[in-house]
Amino acid sequence: MAHPEPANPREEAAHVPSGKTEAAAYSYWGLIWWRYKRNRIGVVGGIALLLLYALVLPAELTAPYPLNERHTGFLDVPPQFIRFISPDGRFSPRPFVYGLKQERDPETLRRLYVPNEEEIYPLRLFVPGEESWTFLGLTWDRHLLGVESPGKLFLLGTDTQGRDLFSQLLYGGRISLTVGLVGVALSLVLGGIVGLISGYLGGIVDDLIQRGIEVMISFPSIPLWIALSAAIPAEWNSIQVFFGITVILSSIGWGGLARVVRGMTLSLQNEDYVKAGRINGATTWWIVTRHLFPGTLSYMIVAATLAIPGMILGETALSFLGLGIQPPMVSWGVLLKQAQDITVLAHKPWLIAPVFFLTVAVLSFNFLGDGLRDAADPFSGQ
Amino acid sequence: MGRAVLRRSVQMVITLWLVSILGFVIIQLPPGDFLTLLESQLEEQRLSSAQIESALTGLRARYGLDQPVYVQYLRWMSSLLRGDLGYSMALRADVNELLSERLVLTLVISFAAMVFSLALALPIGVYSAMKQYSWADYLFTVLGFLGLALPNMLLALILIFLAVTVFNASTIGGLFSPEYITADWSPAKVLDLAKHLWLPAFIVGFSSTAGTIRVVRAQMLDTLGEPFIQTARMKGLSENRVITRHALRVALNPVVSGLGLSLPGLISGETITALVLGLPTIGPLLLNALFAEDMYLAGSILVILSGALVVGNFLADLTLAWLDPRIRLVEP
């Protein structure tokens, strides 16, 4: 095919509202929302993230078992299948799991768990747990999904200490996914302020700030993060470590955001409405807060969305190396730490599960960010 | 152009200086230093406090730890510039020896990853742009997204997982066959390295390949719509020539400038991949230095890596100016 194809007419229509009357009915943010909704992949990413957060944020409710609960006698159990067909071949509308039977591998004498077809435990919603939990002032003893005692529900198996991997994953996801949000919020504030100052003042201040950011960016991120996390005092408690890690992760991220904001500020300064404001005697503060800041906000949100995956993965890498979140707090990186040994993976392949959750989260953030970028910039993607 | 190169060089030197200061600040950050660790070790060995004190004073004087901070910085910098990285207190070995081979291997892997990702991304990007919206284009887009979402560490884990579960491998990774690990460098060892290089290069280069494909595709699409391409076609040039000589040369621009920017990502990808796969490169050394609180070694590694990146960026800028007559380093 010799010639470039003309841009897909359908796609073009997705970026610009057709007809003036329709476009005029939307506010600026309404227009962005309208364009975002038309981006199918972006919407899928957004919905996937909503589901993910809804699953991990109230982990006390959604996880079948409490954090770090050890099921003695159920070490290294492989994932249980959820079944619909009962042993006599009949279809059961209520899904169930079999009980677990301990056996030994005849050759290696390793302990094995096999489904015990004589014990059937139907899955139930809002199953009472052994202890009641408190989350955001709410105290309850139920868990979203579970089986009745003495049955066990290990959707993704257990680890060497008998902890349910699925529950740990949800609790870990809460940390991993909030690290990204908090870290990005930090770099957004820092990057936004520095970028606005740099772009608005210009001159030597701008020069100095830009050189400074260049230095920050020229450090390879993971080695820098590793070096910085060595500075976290060992006596800090989990919450302090959590915030320490987010500060470290945003130590690099803000530079890129500041650059985006600076570029936007520079180009907005020459807009007529900013010039008009200045001629009319508006103060610097007024111009920055009323004209420049709202103009850069949508781009900051997009840049922030695209920066979140890097932070999530940064936390994972640090925790994976044992420098990030420390047990008893769990994160996806902490969980993956168990899976880094090749012999462990050979016997317990289910320990790799956090990788899939991570991939879904990161991919969704990328889709969402791309969708928002196309929505915020009518000229992008063309 | 000479002036511009000079200007850029001065800028590079200033950046390098700032990098070294930042590196030094990081060295100073952790609460304890190696000597406090050593002190507790010596106390365990039941040496008299006078003996401990004299040993520590000797070490302090040797490393200038009894001097004010700026003197420590100057001493550290001047030895760094002379290429003398000193003696690792924790690993009890000459840092130069420790570093040089590992640094070279790190750079070799990063460079191989870059070559690998370019060799893959260029043709794929061009093809995707020429066959826009074809099934192959969609396939590469999906693969590209996966590449962005699967950073080196996860990719390495997944490959190990596959190797174990599907191929029943008992080992994976490493850069040399067992018989070459301790051997001196020889042509055979280099060949052996080349044989083992593809896996780390693939892992490190995978995510940057995905990014580069997207850039090349977008650039090619932009360029193919330009009037000069139409002119070239109207002149009756073959499509091959239009693509390679006219379109690709212009479209490559951001790819080349992106190469300089992708270096930090490649190097940090290499460190983490090396840690997962157990490669004898800088990553594990940095981690060991940090665990041993040998901050001087850690700081030196950080500054050397970043220094390499700054120089790499400088070279990328020069290449860009040479490649594209429109740029010629007007204003950064």
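This one's a predicted model, so the numbers in the text were calculated from it and none came from an experiment.

**With respect to the overall build of chain B**
Part 1: Secondary structure summary: chain B contains 13 helices and two strands in total.
Part 2: The buried share of chain B, reckoned over its 332 residues, is 45%.
Part 3: Residue pairs in contact within chain B that sit at least 24 positions apart in sequence constitute 72% of those at least 6 positions apart.
Part 4: For chain B, the exposed surface amounts to about 16500 Å²; the carbon and sulfur share of it is 65%.

**Some remarks on the sheet that holds strand β2 (residues 91-104) of chain A**
Picture the strands of a sheet paired through backbone hydrogen bonds; they go either parallel or antiparallel.
All names here are of chain A.
Part 1: Strands sit in the order β1-β2-β3 across an open sheet of three strands; the sheet is antiparallel. Two strands close off the open sheet at either side, each with one partner strand: β1 (83-85) and β3 (111-122). Mean inter-strand twist for the sheet, computed between neighbouring axes without regard to direction, equals 50°.
Part 2: As defined by bridge partners, β2 adjoins β3 across nine bridges and the pair is classed as antiparallel. Across the sheet, residue G99 finds its bridge partner in β3, namely N116.

**Remarks on the packing of helix α6 (residues 135-149) of chain B against helix α8 (residues 187-224) of chain B**
All names here are of chain B.
Part 1: Where α6 meets α8, the closest approach of the two axes is 7 Å, and the angle between their N-to-C directions is 135°. What the angle tells us is that α6 and α8 run oblique. Note on packing geometry: the crossing formed by α6 with α8 is left-handed. In this structure, α6 contributes D137, G144, F145, G147 and L148 to the contact, and α8 contributes F206, S207, A210, G211, R214 and R217.
Part 2: Its residues placed into classes, the contact of α6 with α8 shows four nonpolar, four polar and three charged.

**Brief notes about the pattern of salt bridges**
Part 1: Under the definition given, this model contains seven salt bridges over all chains.
Part 2: Residue B:R214 is joined to A:D370 by a salt bridge in which the shortest nitrogen-to-oxygen separation is 2.9 Å. Linking B:R214 in helix α8 with A:D370 in helix α14 (residues 353-376), this pair reaches from one chain into another.
Part 3: In this structure B:R214 comes out as partly exposed when scored by relative accessible area, which is 33%.
Part 4: Accessibility expressed as a relative area gives 12% for A:D370, which makes it buried.

**Describing a nonpolar patch on the surface**
Residues and elements named next belong to chain A.
Part 1: Together, V189, I193, I197, L201, I204, V205 and L208 line one region of the surface with nonpolar side chains, adding up to about 680 Å² of accessible area.
Part 2: Locating L208 in the fold gives a position in helix α7 (residues 203-217).
Part 3: Since its relative accessible area comes to 60%, L208 is described here as exposed.

**Points about the confidence of the model for chain A**
Part 1: Considering every residue of chain A, the mean pLDDT works out to 79; 92% of them sit at 70 or more.
Part 2: Counting contacts from residues 1-21 of chain A, a segment whose pLDDT is below 50, to residues more than four positions away or on other chains yields 29 contacts.

**Points about the interface of chain A and chain B**
Part 1: Contact residues are listed per partner, giving 48 residues for chain A and 51 residues for chain B.
Part 2: Summed over both sides, the interface of chain A with chain B buries roughly 4300 Å², with 79% coming from carbon and sulfur.
Part 3: Counting every contact that joins chain A to chain B gives one salt bridge.
Part 4: There are two residue pairs in polar contact (both at pLDDT 80 or more) connecting chain A and chain B.
Part 5: Every element with two or more residues in the side of chain A that touches chain B is listed here: α7, α8 (221-229), α11 (284-320), α13 (342-347) and α14 of chain A.
Part 6: Element by element, the count of residues in the side of chain A that touches chain B is highest for α14(A), at nine residues.

**Looking at the packing of aromatic side chains**
Aromatic ring pairs are reported here in terms of the distance separating the ring centres and the angle at which the planes meet.
Part 1: Applying the stated criterion across every chain, the model contains eight aromatic pairs over all chains.
Part 2: Ring centres of A:F242 and A:F243 lie 5.2 Å apart, and the angle between their planes is 85°; this geometry places the pair in the edge-to-face category.
Part 3: Take A:F243: its relative accessible area is 43%, and that puts it in the partly exposed class.
Part 4: Pairing B:F116 with B:F202 gives two aromatic rings, centres 5.7 Å apart and planes at 80°, and the pair type is edge-to-face. Note that B:F116 is positioned in helix α5 (residues 95-130) and B:F202 in helix α8, a separation of 86 residues in sequence.

**Here we look at helix α12 (residues 282-291) of chain B**
Part 1: When you tally the buried positions in α12(B), you get eight out of ten residues, the bulk of the element.
Part 2: Residues of α12(B) that are buried: B:I282, B:G283, B:P284, B:L285, B:L286, B:L287, B:A289 and B:L290.

**Regarding the packing of α11(A) against helix α7 (residues 152-165) of chain B**
Part 1: The geometry of α11(A) relative to α7(B) is characterised by a closest axis approach of 10 Å and an angle of 60° between their N-to-C directions. Taken together, the axes of α11(A) and α7(B) are oblique relative to one another. For the pair formed by α11(A) and α7(B), the contact residues are A:L313, A:T316, A:A317 and A:F320 on the first element and B:M153, B:L154 and B:L157 on the second.
Part 2: Of the residues in the contact of α11(A) with α7(B), the class split is six nonpolar, one polar and no charged.

**Notes on the environment of A:S218**
Part 1: For A:S218, the location among the structural elements is in the loop between α7 and α8.
Part 2: In this structure the C-alpha to C-alpha distance between A:S218 and A:I252, which are 34 residues apart in sequence, comes to 9.7 Å.
Part 3: Ignoring anything within four residues of it in the chain, the contact list for A:S218 reads B:V19, B:S306, B:L309 and B:V310.

**Here we look at the environment of B:D294**
Part 1: Positionally, B:D294 belongs in the loop between α12 and α13 (295-323).
Part 2: Once the C-alpha coordinates of B:D294 and B:S306 are considered, the two residues, twelve residues apart in sequence, prove to be 19 Å apart.

**Section: the pairing of strand β5 (residues 138-146) of chain A**
Residue and element names in this part refer to chain A.
Part 1: Alignment of strand β4 (residues 124-135) against β5, held across seven bridges, turns out to be antiparallel. In the strand pairing of β5, V127 is matched with H143.
Part 2: Counting the residues in the hairpin turn of β4 and β5 gives two residues, including L136, whose phi is positive at 55°.

**Some words on a positive patch on the surface**
All names here are of chain B.
Part 1: On the surface, a cluster of positive charge is contributed by K235, R241, R245 and R249.
Part 2: Its location among the elements puts R241 in helix α10 (residues 239-251).
Part 3: You can call R241 partly exposed: its relative accessible area is 41%.

**Details of the environment of B:P200**
Residue and element names in this part refer to chain B.
Part 1: Following the sequence through the fold, P200 ends up in helix α8.
Part 2: Taking relative accessible area as the criterion, P200 reaches 2% and is therefore assigned buried.
Part 3: Sequence spacing of P200 and E53 is 147 residues, and the spatial spacing of their C-alpha atoms is 47 Å.
Part 4: When sequence neighbours within four positions are dropped, the list of residues in contact with P200 reads I109, L175 and L279.

Thresholds, definitions, all that
- Residues numbered from 1 in each chain as written.
- Chains lettered and ligands numbered in written order.
- Predicted model: local features only at pLDDT ≥ 70, side-chain atom pairs only at ≥ 80, totals over all residues.
- Heavy atoms only, no water.
- Helix = DSSP H or I, 4+ residues; strand = E, 2+ residues; numbered from the N terminus.
- Buried < 20%, exposed > 50% of the residue type's maximum accessible area, 1.4 Å probe, protein only.
- Contact = heavy atoms within 4.5 Å.
- Areas by Shrake-Rupley, 256 points an atom, 1.4 Å probe, with all protein chains shown as cover.
- Pairing = 2+ DSSP bridges.
- Axes fitted to C-alpha atoms, helices over the stretch in contact; angles between N-to-C directions.
- Parallel < 35°, antiparallel > 145°, perpendicular 65-115°, else oblique.
- Left-handed = near helix turned anticlockwise from the far one by under 90°.
- Nonpolar A, V, L, I, M, F, W, Y, C, P; charged D, E, K, R; others polar.
- Salt bridge = Lys/Arg side-chain N within 4 Å of Asp/Glu carboxyl O.
- Patch = residues over 30% accessible without salt bridge, like charges linked within 9 Å, V, L, I, M, F, W, Y side chains within 5 Å.
- pLDDT = per-residue confidence, 0-100.
- Buried area = accessible area lost by both parts, 1.4 Å probe.
- Polar contact = N/O pair within 3.5 Å; in protein donor to acceptor, adjacent residues only side chain to side chain.
- Phe/Tyr/Trp six-rings, centres within 6.5 Å; stacked < 30°, edge-to-face > 60°.
- Lys, Arg positive; Asp, Glu negative; His and termini not counted.
- Charge placed at Lys NZ, Arg CZ, Asp CG, Glu CD.

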